[in-house]
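Listed here are the chains, written in short residue letters.
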Amino acid sequence: MSLNCGIVGLPNIGKSTLFNALSGVGAVAANYPFCTIDPNRGIVPVPDERLKRLVAVSPSERVVPTTIEFVDIAGLVAGASRGEGLGNAFLGHIRQVDALVHVVRCFDASGISHVAGSVDPGRDIEIVNTELLLKDLETAERFAEKWGKVAKGGDAAAAAKAEFGQRLVKHLSEGRPARLLRDLSQKEQRYIGGLFLLTSRPVLYVANVGEVDLPQGNHWAEEVQCIAASEQAECLILSAEFEAQLSELEDEEKDLFLVSEGLQEDGLQRLIQAAYKLLNLITFFTHGPNETRAWTIKSGIRAPQAAGQIHSDFERGFIRAETVQVEDLIRVGSEAAARASGIMRSEGKDYIVQDGDVILFRFNV
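Here's a quick rundown of the structure. Please read all numbers here as calculations on a predicted model, not as lab measurements. (Residues numbered from 1 in each chain as written. Predicted model: local features only at pLDDT ≥ 70, side-chain atom pairs only at ≥ 80, totals over all residues. Heavy atoms only, no water.)

**As for the side chain of Thr292**
At step 1: Mapped onto the elements, Thr292 comes out in strand 9 (residues 291–298).
At step 2: By relative accessible area, Thr292 is classed as buried at 0%.
At step 3: Polar side-chain contacts of Thr292 include one of 2.5 Å to the side chain of Ser60.
At step 4: In this structure, Thr292 is in contact with Leu51, Leu54, Val55, Ser60, Arg62, Val63, Val64, Thr286 and His287, ignoring residues within four places of it in sequence. (Helix = DSSP H or I, 4+ residues; strand = E, 2+ residues; numbered from the N terminus. Buried < 20%, exposed > 50% of the residue type's maximum accessible area, 1.4 Å probe, protein only. Polar contact = N/O pair within 3.5 Å; in protein donor to acceptor, adjacent residues only side chain to side chain. Contact = heavy atoms within 4.5 Å.)

This is the structure:
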């Protein structure tokens, strides 16, 4: 599956600088609002040491990491839900992503203006979240009104939709995002899925601090962490400017630079790990002399559905999955050794794929 993360926030908070550092695409980063108009897109290989170690002991002609797409979406301003600034375009682009990386300015720099005149993470987050909520509230009210009219004719299904719509309107009116609406039935989950609500997207807050505040952050970053915790969202502290410098270095220099700031991993690795946790994603591998490849799937997926990520025929004609954990395969050195030692298992259609599984799918169409 393709993972798609939209980078959002107010103008001039470091979104495009972070995007450039993460993706290497070279999006324009400038000190004025609405520098980003059309969303910039960058597809980035997901760093995974297990993949490198696997091909080191059992080589393949081709190595294919899984990928993540970052989308740098235009900066939002108050009134976006009514079309202010680039509001309509901004909100439309958000509907197309799996998760939001909400960048919040947590640094002070006289040379970089702030659209609101000062650094205030709580206010900035509220501006963005309010606009998303207002747009969703408009969508929910239309839904409730539409099905309420149909229900007057005695349609029980329409009445159930109208009742859910009113519940959703009340929830959003209280300032709570759609992702926090609990105890949904399967039908209600389908209803809300069909509405493509902006606040249903999971959120990873990024507290963008100055380099001097790495790695712990500062009092502004602490405020972002508290807000994220209250919303049951993830939060990551990094410096977009530091990541920009890091992206220009060779690997050996990069490692030394990270150590100098008390960091073990760069922002891309930490951001991807946080995004995987946020979206409940895992990685499995396929491995052979021709190709070794990493695949991203939702946690809890069974073997036939995982096989379907490779090709629909694999799922349709699934017979079994010959499975071994990547660390065990690295330890013994080859598939033949894994079979000989008995650590390679034959799993059926009910097997739930685990993170780090190396799988050979057997199928017949």
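There's more to say after this.
**Remarks on the sheet that holds strand 2 (residues 40–45)**
At step 1: Ordered in space as 2-4-1-5-6-7, the 6 strands form an open sheet in which the pairing is mixed. Lying at the two open borders of the sheet, with one neighbouring strand each, are strand 2 and strand 7 (234–238). On average, each strand axis in the sheet is tilted by 25° relative to the strand beside it, whichever way the strands run.
At step 2: Of the strand pairs in this sheet, strand 1 (residues 3–8) and strand 5 (residues 99–105) are connected by 4 bridges, and their pairing is parallel. (Pairing = 2+ DSSP bridges. Axes fitted to C-alpha atoms, helices over the stretch in contact; angles between N-to-C directions.)

**Structural notes on the pairing of strand 1**
At step 1: Of all 6 residues that make up strand 1, 6 are buried, and the element is covered over most of its length.
At step 2: Residue alternation in strand 1 divides its side chains into two sets, Leu3, Cys5 and Ile7 and Asn4, Gly6 and Val8, and both sets are buried.
At step 3: Here 5 bridges tie strand 1 to strand 4 (residues 67–72), and the two strands are oriented parallel to one another. Directly across from Leu3, in strand 4, lies its bridge partner Ile68.

**Considerations on the pairing of strand 7**
At step 1: In this structure, strand 6 (residues 203–208) lies alongside strand 7, joined through 5 bridges in parallel fashion. In the sheet register, Tyr205 faces strand 7, and the bridge partner there is Cys235.
At step 2: What joins strand 6 to strand 7 is helix 7 (residues 219–230), and the crossover it makes is right-handed. (Right-handed = clockwise from strand over helix to strand, strands pointing away.)

**Observations concerning the state of the cysteines**
At step 1: Within this structure, the stated rule accounts for 0 disulfides.
At step 2: Cysteine Cys106 is unpaired, with the sulfur of Cys235 as its nearest cysteine sulfur at 7.9 Å.
At step 3: Among the residues examined, Cys106 registers a relative accessible area of 0% and is labelled buried. (Disulfide = S-S within 2.5 Å.)

**Looking at a negative patch on the surface**
At step 1: There is a patch of like negative charges on the surface, built from Glu250, Asp251, Glu252, Glu253 and Asp255.
At step 2: In this fold, Glu252 is placed in helix 9 (residues 251–260). (Patch = residues over 30% accessible without salt bridge, like charges linked within 9 Å, V, L, I, M, F, W, Y side chains within 5 Å. Areas by Shrake-Rupley, 256 points an atom, 1.4 Å probe, with all protein chains shown as cover. Salt bridge = Lys/Arg side-chain N within 4 Å of Asp/Glu carboxyl O. Lys, Arg positive; Asp, Glu negative; His and termini not counted. Charge placed at Lys NZ, Arg CZ, Asp CG, Glu CD.)

**Here's the deal with the nonpolar core**
At step 1: Judged by nonpolar contacts, the single largest core of 58 residues is most densely connected at Cys5, Ile68, Phe70, Val101, Tyr205 and Leu271.
At step 2: At 7 residues, helix 10 (residues 267–279) tops the list of elements feeding residues into this core.
At step 3: With near-sequence residues (within four places) excluded, Leu271 lies in contact with Leu22, Phe70, Val101, Leu204, Val206 and Leu236.
At step 4: Formed by 17 residues, the second largest nonpolar core is a distinct cluster that contains Leu133, Phe164, Ala178 and Ile192. (Core = buried A, V, L, I, M, F, W, Y, C linked by side-chain atoms within 4.5 Å.)

**Let's talk about the pattern of salt bridges**
At step 1: All chains considered together, the criterion is met by 23 salt bridges.
At step 2: Asp355 serves as the salt-bridge partner of Arg50, at 3.1 Å between the closest nitrogen and oxygen. Here the residue Arg50 occupies a position in helix 2 (residues 49–57), and Asp355 occupies one in the loop between strand 11 (345–347) and strand 12 (357–363), the gap between them amounting to 305 residues.
At step 3: Judged by relative accessible area, which is 36%, Asp355 ranks as partly exposed.
At step 4: We note a salt bridge from Glu174 to Lys170, for which the minimum N-O separation is 2.7 Å.
At step 5: For Glu174, a relative accessible area of 42% translates into the label partly exposed.
At step 6: By relative accessible area, which is 54% here, Lys170 ends up exposed.
At step 7: The network of salt bridges with shared partners includes Arg320, Glu322, Glu335, Arg339 and Arg362.

**Some thoughts on the packing of helix 5 (residues 156–173) against helix 6 (residues 186–195)**
At step 1: One can describe the packing of helix 5 onto helix 6 by two numbers: an axis separation of 11 Å at closest approach and a directional angle of 65°. In terms of axis orientation, helix 5 runs roughly perpendicular to helix 6. As helix 5 packs across helix 6, the resulting crossing turns out to be right-handed. From helix 5, Ala157, Ala160, Lys161, Phe164, Arg167 and Leu168 reach across to helix 6, where they touch Glu188, Tyr191, Ile192 and Leu195.
At step 2: Residues belonging to the contact of helix 5 with helix 6 are distributed by class as follows: 7 nonpolar, no polar and 3 charged. (Parallel < 35°, antiparallel > 145°, perpendicular 65-115°, else oblique. Left-handed = near helix turned anticlockwise from the far one by under 90°. Nonpolar A, V, L, I, M, F, W, Y, C, P; charged D, E, K, R; others polar.)

**Some thoughts on the packing of aromatic side chains**
At step 1: Counted according to the given criterion, the structure contains 9 aromatic pairs.
At step 2: Where Phe242 meets Phe257, the ring centres are 4.8 Å apart and the plane angle is 40°; that geometry is what we call tilted. A residue pair is termed long-range when its members are at least 10 positions apart, and Phe242 in helix 8 (residues 240–246) and Phe257 in helix 9 qualify at 15 residues. Note on accessibility: Phe242 and Phe257 belong to one class, buried.
At step 3: The cationic tip of Lys161 hangs over the ring face of Trp147; the distance from NZ or CZ to the ring centre is 4.0 Å. (Phe/Tyr/Trp six-rings, centres within 6.5 Å; stacked < 30°, edge-to-face > 60°. Lys NZ or Arg CZ within 6 Å of the ring centre and 35° of its normal.)

**Structural notes on helix 11 (residues 303–310)**
At step 1: Among the residues of helix 11, those classed as buried are Ala303, Pro304, Ala306 and Ala307. Angular distribution of buried residues about the axis of helix 11 spans 160°; they occupy a single face of the element.
At step 2: Against strand 8 (281–287), strand 9, helix 12 (312–316), strand 10 (318–325) and strand 12 lie the buried residues of helix 11. (Arc of directions from axis to C-beta.)

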